[in-house]
Amino acid sequence: MMMTDVVINASVLVAFTESMAKHALTLWADDISEEKMQIISPGIGVMPSTSFSSSFHLKHLFSLDCEEPEIYTLASAIRPVKDPLFLVQAFSGWHCAENSKAYLVIVGPPLKDEAYYSSFQDITLRLPGVLYIPGLPQGDLQALIRDSSALINSSLSEGLSVTLLEAMALGTPVVARSIAGNRAAIVHYETGLLYDTPQVLKRRADRCIPVHRNDSRLDFNTVEPFLMVTSARRSPPYCHSPKCTYFGTIEETC
């Protein structure tokens, strides 16, 4: 009842996406009207560190022999709903059998589920091609995402992933699990790629490699990810600053 009371007494309800707004209107069909709901895309600001070298950091931290690792970053807290173990076996197999330069780099702090975290560590530590960093300063993490071949999302559930939006703003292709929250943020093959299984993820990730190879020539293989990155940068969340979205709504209702 507490949440229902908040919804009923709120002057305005803000949803990040149309699907969130529809879900709220369904949950509280008898309590709120469409006029009370506003859809406001979040303003995203990125300031990647200019002094952080992703390749140097990974080679120093993990003693990698690879001169130019192909980095696929999965940034999330280590907890079951984020499902960071969903892809590790398949990715390690890809690293060992097909592309020894490809590394899945998982970055995120452990939360209170000690049993899950212990299992996560036991599994990832023994898998070649899977690297785990407990955390990075925000600017360094954004630099790692900027330097990645793709930003990976493996969550079982999302509202609206800020990390996905930051990757789009940084010009990094996004490859995300096909769940409702991610489908609200990504137009498949237009602003990113969606996948259902680890096997499909591998095929999706393969498409993103050319974008960060610093080759100015665009051939058949590079045009698609290049256009996805361009389209993602132009999508609505990055056309809005917090001042012209949330602050405007506050001013109107106060």
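Read on for an overview of the structure. Small disclaimer: the values here were computed from a predicted structure and weren't measured. (Residues numbered from 1 in each chain as written. Predicted model: local features only at pLDDT ≥ 70, side-chain atom pairs only at ≥ 80, totals over all residues. Heavy atoms only, no water.)

1. A look at the overall build of the protein
Helix and strand counts for the protein come out as 11 helices and eight strands. Within the span of the protein, comprising 254 residues, buried residues form 47% of the whole. Pairs at least 24 residues apart make up 70% of the contacts formed inside the protein by residues separated by at least 6 positions. Total accessible area on the protein is roughly 13500 Å²; 54% of this is exposed by carbon and sulfur atoms. (Helix = DSSP H or I, 4+ residues; strand = E, 2+ residues; numbered from the N terminus. Buried < 20%, exposed > 50% of the residue type's maximum accessible area, 1.4 Å probe, protein only. Contact = heavy atoms within 4.5 Å. Areas by Shrake-Rupley, 256 points an atom, 1.4 Å probe, with all protein chains shown as cover.)

2. Things to note about helix α7 (residues 162-170)
Within the sequence span of α7, burial applies to L164, L165, E166, A167, M168 and L170. Of the residues trailing α7, G171 is marked for its positive phi of about 85 degrees.

3. Topic: the pattern of salt bridges
This model, assessed by the stated rule, comprises seven salt bridges. Here R177 makes a salt bridge to D83, at a shortest N to O gap of 2.7 Å. You can see R177 sitting in strand β7 (residues 174-177) and its partner D83 sitting in the loop between β3 (70-75) and α4 (88-97), a full 94 residues away along the chain. Comparing R177 with D83 shows no difference in burial state: the two are buried. (Salt bridge = Lys/Arg side-chain N within 4 Å of Asp/Glu carboxyl O.)

4. Thoughts on the packing of helix α6 (residues 138-146) against α7
The interhelical angle for the contact between α6 and α7, taken along N-to-C directions, is 60 degrees, at an axis separation of 9 Å. In this view, α6 runs oblique relative to α7, as classed from their interaxial angle. Regarding α6 and α7, the two cross each other, and that crossing is right-handed. Contacts from Q138, Q142, I145 and R146 of α6 reach α7 at T163, E166, A167 and L170. Looking at the contact of α6 with α7 residue by residue, the classes come out as three nonpolar, three polar and two charged. (Axes fitted to C-alpha atoms, helices over the stretch in contact; angles between N-to-C directions. Parallel < 35°, antiparallel > 145°, perpendicular 65-115°, else oblique. Left-handed = near helix turned anticlockwise from the far one by under 90°. Nonpolar A, V, L, I, M, F, W, Y, C, P; charged D, E, K, R; others polar.)

5. A word on the nonpolar core
Of all hydrophobic cores here, the largest spans 29 residues; its most connected members are V105, L144 and I186. The biggest single contributor to this core is α7, with five residues. One finds Y116, Y117, V130 and L201 within the second-largest nonpolar core, a separate group that totals 26 residues. (Core = buried A, V, L, I, M, F, W, Y, C linked by side-chain atoms within 4.5 Å.)

6. Let's talk about the environment of I133
With respect to the secondary-structure elements, I133 resides in strand β5 (residues 130-133). Judged by relative accessible area, which is 3%, I133 ranks as buried. Along the sequence, I133 and V105 sit 28 residues apart, while their C-alpha atoms lie 7.4 Å from each other. Residues in contact with I133, not counting those within four places in the same chain, are H57, L58, L61, F62, V105, I106, V107 and G108.

7. Details of the packing of aromatic side chains
Taken as a whole, this structure holds seven aromatic pairs when the rule is applied. Note on Y117 and F120: the rings are 6.4 Å apart at their centroids and 20 degrees apart in plane angle, and the pair reads as stacked. Highlighted residues: Y117 and F120, both in helix α5 (residues 114-125), separated by three residues, approximately one helical turn. Take Y117 and F120: they sit in the same class, and that class is buried. With a centroid separation of 6.2 Å and an interplanar angle of 70 degrees, the aromatic rings of Y117 and Y132 are classed as edge-to-face. Of the two residues, Y117 sits in helix α5 while Y132 sits in strand β5, which places them 15 residues apart along the sequence. Of the aromatic side chains, those joined through ring pairs into one cluster are Y72, F91 and W94. The ring of F86 has R177 sitting right over it, with the charged end atom 3.6 Å from the ring centre. (Phe/Tyr/Trp six-rings, centres within 6.5 Å; stacked < 30°, edge-to-face > 60°. Lys NZ or Arg CZ within 6 Å of the ring centre and 35° of its normal.)

8. Points about the pairing of β3
With six of six residues buried, β3 lies mostly within the body of the structure. Neither face of β3 is exposed, since E70, Y72 and L74 on one face and I71, T73 and A75 on the opposite face are all buried. Bridge count between β3 and strand β4 (residues 102-107): six bridges; the pairing is parallel. Looking across to β4, one finds that E70 is bridged to A102. After leaving β3, the chain enters α4 and then returns to the sheet as β4, a path that is right-handed. With two bridges connecting them, β3 and strand β6 (residues 150-153) associate as parallel partners. Residue pairing for β6: Y72 is matched across the bridge by A150. (Pairing = 2+ DSSP bridges. Right-handed = clockwise from strand over helix to strand, strands pointing away.)

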